[in-house]
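Architecture and fold: a report
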Amino acid sequence: MNQANHPAPPSPALLFESVNAYQRTAAIRASIELDIFSAIAEGKKSAAQLAPRVKAAERGVRMLCDFLVVAGFLTKQNGEYGLTPDSALFLDRKSPAYSGSIVDFLLSPDLMRSFDHLTDAVRKGGTAEHGDGTVSVENPVWVKFARAMAPIMVPVGQKMAEILLNKSTPKMKVLDIAAGHGMFGLAIARANPNATIVATDWKGVLEVAKENAARFGVADRFSTIPGSAFDVDFGTGYDLILLPNFLHHFNVPTCEKLLKKARTALAPGGRVAAPEFIPNDDRVTPPPSATFALVMLATTPSGDAYTLKELTSMFKNAGFAKCELHSMAPMIQNMVIAE
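Residues numbered from 1 in each chain as written. Predicted model: local features only at pLDDT ≥ 70, side-chain atom pairs only at ≥ 80, totals over all residues. Heavy atoms only, no water.

**Focus: the pattern of salt bridges**
- Summed over all chains, the structure comprises 13 salt bridges.
- A salt bridge links Arg113 to Glu129; the nearest nitrogen and oxygen atoms lie 2.6 Å apart. Taken together, the residues span a long stretch of sequence, with Arg113 in helix 8 (residues 109-116) and Glu129 in the loop between helix 9 (118-124) and helix 10 (141-165) at a distance of 16 residues.
- The network of salt bridges with shared partners includes Asp35, Glu42, Arg53 and Arg93. (Salt bridge = Lys/Arg side-chain N within 4 Å of Asp/Glu carboxyl O. Helix = DSSP H or I, 4+ residues; strand = E, 2+ residues; numbered from the N terminus.)

**Looking at helix 11 (residues 183-191)**
- Counting buried residues in helix 11 gives seven out of nine residues, a clear majority hidden from the surface.
- Where helix 11 is concerned, the buried positions are Met183, Phe184, Gly185, Leu186, Ala187, Ile188 and Ala189. (Buried < 20%, exposed > 50% of the residue type's maximum accessible area, 1.4 Å probe, protein only.)

**Looking at the sheet that holds strand 5 (residues 222-226)**
- Taking strand neighbours across the sheet as the criterion, the seven strands line up as 5-4-3-6-7-9-8 in an open arrangement whose pairing is mixed. Two strands close off the open sheet at either side, each with one partner strand: strand 5 and strand 8 (323-327). Going from strand to strand, the sheet's axes swing by 20° on average, the running direction of each strand aside.
- In this fold helix 13 (residues 252-265) packs onto strand 6 (238-242) and strand 7 (266-276), with an angle of close to 140° to the strand it touches most, strand 7. (Pairing = 2+ DSSP bridges. Axes fitted to C-alpha atoms, helices over the stretch in contact; angles between N-to-C directions. Contact = heavy atoms within 4.5 Å.)

**Digging into the packing of aromatic side chains**
- Evaluation of the coordinates by the stated rule reveals nine aromatic pairs.
- Consider the rings of Phe246 and Phe250, whose centres lie 5.0 Å apart with planes at 65°: the pair is edge-to-face.
- Under the relative-accessibility criterion, Phe246 is labelled buried at 11%.
- Both rings, one in Phe277 and one in Phe292, keep their centres 4.2 Å apart while their planes meet at 20°; by these two values the pair is stacked. Residue Phe277 is found in the loop between strand 7 and helix 14 (287-299), and its partner Phe292 is found in helix 14; the two are separated by 15 residues along the sequence.
- Residue classification places Phe277 among the buried residues on the basis of a relative accessible area of 15%.
- Given the relative accessible area of 14%, Phe292 is considered buried.
- The rings of Phe105, Trp142 and Phe145 are connected pair by pair, giving a single aromatic cluster.
- Looking at Arg190, its charged tip hangs above the ring of Phe216, at a distance of 3.9 Å from the centre. (Phe/Tyr/Trp six-rings, centres within 6.5 Å; stacked < 30°, edge-to-face > 60°. Lys NZ or Arg CZ within 6 Å of the ring centre and 35° of its normal.)

**Side note on unusual backbone geometry**
- Here the amide bond leading from Thr285 into Pro286 is cis, since omega sits at -15°, within 30 degrees of zero.
- Pro330 follows Ala329 through a cis peptide bond whose omega is 10°.
- Phi angles above zero are rare outside glycine, and Arg283 is one such case at about 65°.
- Residue placement: Arg283 occurs in the loop between strand 7 and helix 14.

**Considering the environment of Met296**
- Looking at where Met296 falls in the secondary structure, it is placed in helix 14.
- Each C-alpha atom, one on Met296 and one on Ser228, is 19 Å from the other, the two residues being 68 residues apart in sequence.
- For Met296, the residues in contact, after removing those within four places along its chain, are His248, His249, Gly303 and Asp304.

**Examining the pairing of strand 2 (residues 80-83)**
- Relative to strand 2, strand 1 (residues 74-77) is paired through four bridges, and the arrangement is antiparallel. Note on strand 2: the bridge partner recorded for Gln77 is Glu80.
- In this antiparallel pair of consecutive strands, strand 1 and strand 2, the connection spans two residues, and Asn78 shows a positive phi of 55°.

**Some remarks on helix 10**
- Maximum bend of helix 10: about 60°, positioned at Ala150, with proline Pro151 one to four residues after it.
- The positive-phi residue at the C-terminal boundary of helix 10 is Asn166, with phi of around 50°. (Bend = angle between axes of the 7 residues up to and from the residue.)

Set out below in structure tokens:
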């Protein structure tokens, strides 16, 4: 029988999976809190071996680990659990790419609360949270962001530096707008010993970036401008301005205002680089970028996941003559580079 002519009958499976998706979230958070993945990496393979190591009941460990197998985070054979390649890289605390800290931000009450009020946000067309949501002045959530998201942003920053520098090491002055953890500007500094970085963000957030600059041994080439990117004086003469994951927080007129300000701060021949979640024109592909728009709806008054066409228009209206898209594969983001 030709199945193409006989599509599967309607099923409630997707509905149940979606309604119960919070269970998957809770399971990954619990496994990170218990340090399940690190314990398995140490050789504790069975529920009986894992239980004393993670200080939990054997019954509870068995049920959690079986769930993680079904979810794709673990393997199971003959009663023993193993790590998948992704889990070994990102969820073993001894891995240099350990990223379990992301739950401290992505599952923080501040962000989760925004989605508790998603119905109201849809009705309003913007966050239902008090004031401006996550983009409110000196919002402490960004300090949490800077600490929690830094590890997973290291490879993204490295990919960005690879594209922008192309193995060259010219003397350059770099402005990192909304620097957060600083990993984007610091990636340039680490790859180019002739680069100096100026980072701007809220004062508390910049303290985290300064800690990271010291950790990477580039503090002598790293300085800060605390305050709102819309209000502070950037100065001039920048060869490169970074706008990592920032434009999506605001509406088009606000983005264009900032881009005009950035253009005036550039040296002749300077560039602006904006890593972003960029959906296709259909706004439903690729999934990670397309679904990011909902995050902006829940957490900001007017942010969005902008298409390349929209971003190109913003840069053009801000006075940039050239705007190109660069793939950052295998990273989720892509990068717009404007001159």
